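Chain by chain, the residues run as shown.
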Amino acid sequence: MTKIGTSLSAREMSEPMAATESPPVLETIGISKAFPGVKALEAIDLKLYPGVVTALVGENGAGKSTLVKILTGVYAPDAGRILLNGTEIVIRDAQAAFHQGITATHQETVLFDDLTVTENIFIGHQITGRFGMLDWKAMRARVKTILAELEVELDPDMRLRDLAIAQKHLVAIARALSVDAKIVIMDEPTAALSYKEVEELYTIVAKLKREGKAILFISHKFEEIFRIADTYVVFRDGRAVGAGVVSEVTPAKLIALMVGRTVDHVFPKVQVPRGESVFAAEGLSHPTEFADISFNLHRGEILGFYGLVGSGRTEVMHALFGITAPSTGVLKLDGKPIRVSRPADAVAAGIVYVPEERQRQGVVLALPVFQNITLPSLDRITRGGFLDLAREFDLARRYAGRLDLRAASLSQEVGTLSGGNQQKVVIGKWLATEPRVIILDEPTKGIDVGSKAAVHAFMGELVAQGLAVIMVSSELPEILGMSDRVIVMREGRIAGVFERAGLTAESLVAAATGNVAAEAA
Amino acid sequence: MRWNRDLLFAAIVIVIVAGVGLIRPSFVWPRNLIGLFNDTSILMMLALAQTAVILTKCIDLSVAANIALTGVLVSIVNAAHPELPIPLLMLLAAGIGLLLGAFNGAMVWLVGIPSIVVTLGTLSIYRGLAFRASGGTSIVGHQMSPAFIAVPRAELLGLPMMSWFAMLLIAVFAFMLRGTRTGRAFYAAGGNPTAAVYSGINVGRTQFIAFCTAGAVAGFCGYLWASRFSIANVDMASGFELDVIASCVIGGVSISGGIGTVAGAVLGAIFFGVVRNALPVIYVSPFWQLAISGVAILGAVIINAGRERQTGRLILKEAAAS
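Each value, and the rule that gives it
Residues numbered from 1 in each chain as written. Chains lettered and ligands numbered in written order. Predicted model: local features only at pLDDT ≥ 70, side-chain atom pairs only at ≥ 80, totals over all residues. Helix = DSSP H or I, 4+ residues; strand = E, 2+ residues; numbered from the N terminus. Rg over C-alpha atoms; globule rule 2.2 N^0.38 Å. Buried ≥ 20, exposed ≤ 12 C-beta atoms within 10 Å, placed from the backbone. Pairing = 2+ DSSP bridges. Axes fitted to C-alpha atoms, helices over the stretch in contact; angles between N-to-C directions. Left-handed = near helix turned anticlockwise from the far one by under 90°. Contact = placed C-beta atoms within 7 Å. Nonpolar A, V, L, I, M, F, W, Y, C, P; charged D, E, K, R; others polar. Core = buried A, V, L, I, M, F, W, Y, C linked by C-beta atoms within 7 Å. pLDDT = per-residue confidence, 0-100. Expected span 1.5 Å × (residues − 1). Parallel < 35°, antiparallel > 145°, perpendicular 65-115°, else oblique.

What about the overall build of chain B?
Moving on, step 1. Helix and strand counts for chain B stand at 13 helices and four strands.
Moving on, step 2. In summary, chain B has a C-alpha radius of gyration of 20 Å against a globular reference of 20 Å for 322 residues, a match within 12%.
Moving on, step 3. Over its C-alpha atoms, taken along the principal directions, chain B stretches across nearly 70 × 55 × 35 Å.
Moving on, step 4. Across the 322 residues in chain B, those meeting the buried criterion constitute 49%.

Spelled out as structure tokens, the structure:
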């Protein structure tokens, strides 16, 4: 397994699995999927065997979820074939996948909170009796059998709302068993579970395995991969870059496979001398999301925040911006404590936040460009209680020009702009408030390469002008290429702080996944 | 783009008026058109008020009940104290209406109940209070002071006072929605509440302000209604809230918030007035009026849906790429 940086051939990938005698129950051949501007999956060959747990690992955005969505009929692949027991199948929709025996439990369980356990398990494939009437008695009996097989105690008449997350996962698994699923896909099933619940889940996985289900187990946690998986596949940038038997691999090797990429994009990193501390957090904690977050942000600095999805980065940013209130901790601007209990406070203090989901959180699609740009700056264009429309237009024109916004006119509705230009509107609207600290949450997520380069170049300009930038990103190359310092978060805590000098992808991933052994390796 | 839609709608209204005029020339006599505008004034003012509320992604079903309660209350005050000046009564009506609107707004903002539920409740509460206040009887013209009744009939420069009030309110709303932070906040809060919060706009307070505005306008209309029809009782303006909402929808105000113009709301109300006045003139049973209004509502919604779906597609493309 030294083929870092290249895609493995189908032959090499399937080799370790040849050890298992039975033929694969599910096989994908050359599955590809592209979204506008992004190649999500490229020529994926994957084999799932009965009674084998295959771990699917990869960074955020490596294409794992896209594959799950293709296998469960949410997306149609652009190219490639899917074989079920050797016969080619077409998965038309989620319902079809389910009836073909391909079932999935998702990160956030997609079940109905106000229906009972029985209703959830049988939704879409209810047992009907005479005259097409639903046969609840039969369904309840079947649920009891399935739950007994799983050896779990669960009242079939409980509403999902009243169950713990772990129990909801059990319902999802029971639902898979109710159609005699052959393939069970588990997308980070332990992400929200407690230690004890995780143990129970492992037991159930082992049981499913004994029953001959083929299990695709998606996880970021190496300890569980090494504990329950038989084989592994590593995805990187939409390609399968490594596969094999878990007992023959080390965590360090897996990390190397996950991150080992050739840098195909030169980052326009501007060297700015680090100035005095502008903004600091001391001991920020939240009852459920994060704890003990302390850092200093300096003038002219880009501070990267890296971590896995769900590590609490965005939640910390929300606290910095006053969207959620931390329970304890102090924020300081220029050494003086500030109170940020609402976004308006943050904006007034010169801290702005460019959110990750720019359409949901950033722009008002039905408003014209200029009104979007001036939305947080209305204070500055108000004269005697009335908006000064001429000043408003000036302000908007200035920042639209600075960002090279491509729009027919400033009166054009933002909803009619392209994604990259909408991103520019969002950034423009925050720059127009003349901030001192700008927080960029996944600034280049989902935008094309050209716009990415423009955003990166622009970040360089910002710090050159003396702004301080916090950049939350899940993209390692971006973190490595743009940051002066990197804070890695794991499970709501700071897992490490790294200076740009000596920054390596391996050390970041090791800190993010909590693999100290790999860090040493 | 919004303007184009409003212009198109204005053209449609003009064509309808002209068409009726061809059949019945008396319909387009200035006197009749002024009368038509005057008849529609209250609907127009309420449509404007409702537009403010709908823009913020809320709805106010209680405006007609608000009219009944304020109408009854100011009529009682007038009957008991005929010496009180009318402008004071107008202020009183607007003030009572504002309080009723503020109650709606507070329930939405501070208690977090969906506006449709809140106002469905207050619709009954306000009418119930109107019944209590009036004791179930009507306050009729001869109990009201002559000045109280005279206002809507008075003319200024050849135009009835009610029309002047409507035009004043159109100007105020046009200015508020375009030229003030509050107006801008209405659009932002309804168009994308999340983005509004991120931009430092207090969405709940914005909705509260919209309800207060709507309440004050409805209260003022309560006085106008009582004086114009010289009667105030619990059944005043019964069911009128639906005409108001229909005017907004026909005028292109999006029920999902964030989209709508003053011109659209006013034209929606005028369309209502034209249909109501024109049908009897061309010997169409007034009962068709309901059906025609219904078709107009659906037509307007279909046209708007086509437009909104376009932006919807854009969202999906982005979502898929991320």
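Moving on from the coordinates now.
Considering unusual backbone geometry
Residue and element names in this part refer to chain A.
Moving on, step 1. Phi is positive for Ala43, close to 45°, though the residue is something other than glycine.
Moving on, step 2. Here Asp292, not a glycine, exhibits a phi torsion of approximately 55°, which is positive.
Moving on, step 3. Tracing the backbone shows Asp292 in the loop between β11 (277–285) and β12 (293–298).

Describing the pairing of strand β3 (residues 53–58) of chain A
Residue and element names in this part refer to chain A.
Moving on, step 1. Among the six residues in β3, six count as buried, and that is most of the element.
Moving on, step 2. Side chains Val53, Ala55 and Val57 project from β3 onto one buried face, and the interleaved Thr54, Leu56 and Gly58 project onto a second face that is buried too.
Moving on, step 3. Sheet topology places β3 next to strand β8 (residues 214–218); four bridges connect them, and they run parallel. Bridged to Leu56 within β8 is Ile218.
Moving on, step 4. When β3 meets strand β9 (residues 231–236), the two strands line up parallel, connected through five bridges. Bridged to Val57 within β9 is Val234.

With respect to the packing of helix α2 (residues 30–55) of chain B against helix α12 (residues 262–281) of chain B
Residue and element names in this part refer to chain B.
Moving on, step 1. Here α2 crosses α12 at 140°, and the two axes come no closer than 8 Å. The handedness of the crossing between α2 and α12 comes out as right-handed. Mapping the contact onto sequence places Leu36, Asp39, Thr40, Leu43, Met44, Ala47, Leu48 and Thr51 in α2 and Val262, Ala265, Val266, Gly268, Ala269, Ile270, Phe272, Gly273, Val274 and Asn277 in α12.
Moving on, step 2. Looking at the contact of α2 with α12, its residues break down into 12 nonpolar, five polar and one charged.

So, the sheet that holds strand β10 (residues 239–245) of chain A
Residues and elements named next belong to chain A.
Moving on, step 1. On the basis of which strands lie adjacent, the open sheet formed by six strands has the order β6-β7-β8-β3-β9-β10 and mixed pairing. A single partner strand is all that each edge strand has here, and the edge strands are β6 (102–105) and β10. For this sheet, the mean inter-axis angle between neighbouring strands, taken without regard to orientation, is 20°.
Moving on, step 2. Inspection of the sheet shows β6 paired to strand β7 (residues 183–187) by four bridges, in the parallel sense. Residue pairing for β7: Thr103 is matched across the bridge by Val184.

Some details on the nonpolar core
Soluble globular proteins tend to bury their nonpolar side chains together.
Moving on, step 1. In terms of nonpolar packing, the biggest core is built from 251 residues, with Ile439(A), Val469(A), Leu508(A), Leu46(B), Ala68(B) and Val217(B) touching the most fellow members.
Moving on, step 2. The biggest single contributor to this core is helix α10 (residues 203–229) of chain B, with 15 residues.

Notes on the environment of Ala408(A)
Moving on, step 1. Among the structural elements, Ala408(A) can be located in the loop between α14 (389–402) and α15 (419–431).
Moving on, step 2. Of the residues examined, Ala408(A) has 9 C-beta atoms within 10 Å and is grouped as exposed.

Describing the confidence of the model for chain A
Residues and elements named next belong to chain A.
Moving on, step 1. Taken over all residues, the pLDDT of chain A has a mean of 82, while the share at 70 or more is 89%.
Moving on, step 2. Between residues 1–19, whose pLDDT stays under 50, and residues either more than four places distant or in other chains, the model counts 32 contacts.
Moving on, step 3. Here residues 517–521 is modelled with pLDDT under 50, and outside its nearest four sequence neighbours on either side it reaches nine contacts, counting other chains as well.

Quick notes on the pairing of β10(A)
Two faces make up the sheet, and in a regular strand the side chains alternate between them.
All names here are of chain A.
Moving on, step 1. In terms of residue burial, β10 counts as a mostly covered element, since six of its seven residues are buried.
Moving on, step 2. In the sheet, β9 pairs with β10 via six bridges, with the strands oriented antiparallel. By the bridge assignment, Val234 is partnered in β10 with Gly242.
Moving on, step 3. Where β9 hands over to β10, the hairpin turn is made up of two residues, of which Asp237 adopts a positive phi near 50°.

Examining α12(B)
All names here are of chain B.
Moving on, step 1. Helix length check: α12 (20 residues) gives 29 Å between terminal C-alpha atoms against 28 Å at 1.5 Å per residue, within 8%.
Moving on, step 2. Counting buried residues in α12 gives 15 out of 20 residues, a clear majority hidden from the surface.
Moving on, step 3. Where α12 ends, the next residue or the one after it, Tyr283, has phi of about 60°, a positive value.

Observations concerning the environment of Asn32(B)
Residue and element names in this part refer to chain B.
Moving on, step 1. Relative to the elements of secondary structure, Asn32 occurs in helix α2.
Moving on, step 2. On the basis of neighbour counts, which here come to 16 C-beta atoms within 10 Å, the residue Asn32 falls in the partly exposed class.
Moving on, step 3. In this structure Asn32 touches Ser26 and Phe27, once residues within four positions along its chain are discounted.

Section: the packing of helix α3 (residues 63–80) of chain B against helix α11 (residues 240–250) of chain B
All names here are of chain B.
Moving on, step 1. Axis separation between α3 and α11 bottoms out at 7 Å; the angle between their running directions is 135°. What the angle tells us is that α3 and α11 run oblique. Listed contacts from α11 to Val63, Ala64 and Ile67 of α3 are Phe240, Glu241 and Val244.
Moving on, step 2. Residue composition of the contact of α3 with α11, grouped by class: five nonpolar, no polar and one charged.

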